[in-house]
Amino acid sequence: MSLANRDYQEKRNFIRMKVDTPVQIDIKNGDQHMTGKCCDLSGGGLMVELDSVIPVGTETEVVISSSHGHSPMLHAIAVVTRVVSQPESESQPCRIGLEIKEVIK
């Protein structure tokens, strides 16, 4: 089936999984470190909730750790592609969309 024949929900190249797991984000070429919550994840990117904004185009290093203390579930270089404000949320007022550019060992 071609991409054009699929329902809208199925037009993604990767399935999006809803998750609720801690994430650590380090800004490349800077010394800014943030922690937040990863709320969805796919083979091409992720959506995280943070308490501060990261500008679109910023390159980051992202680490999502296993809840069992094993090696990271995901360690990648990702670029910010979208920033959505959530003024009604006091704990995580920003949702940041990141595109995965490279998965690190």
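Values in this document were obtained by computation on a predicted structure and should not be read as measured data. (Residues numbered from 1 in each chain as written. Predicted model: local features only at pLDDT ≥ 70, side-chain atom pairs only at ≥ 80, totals over all residues. Heavy atoms only, no water.)

(A) How the structure looks around the pattern of salt bridges. Following the criterion strictly, the structure yields six salt bridges and no others. Between Glu61 and Lys28 there is a salt bridge, with its nearest N and O atoms 4.0 Å apart. Of this pair, Glu61 sits in strand β4 (residues 59-64) while Lys28 sits in the loop between β1 (17-27) and β2 (33-41), and the two are 33 residues apart along the sequence. The shortest N-O distance in the salt bridge between Glu49 and Lys37 comes to 3.4 Å. Within this pair, whereas Glu49 is found in strand β3 (residues 45-50), its partner Lys37 is found in strand β2, the two being separated by twelve residues in sequence. Among the charged side chains, a network of salt bridges with common partners joins Asp20, Lys37, Glu49 and Arg95. (Salt bridge = Lys/Arg side-chain N within 4 Å of Asp/Glu carboxyl O. Helix = DSSP H or I, 4+ residues; strand = E, 2+ residues; numbered from the N terminus.)

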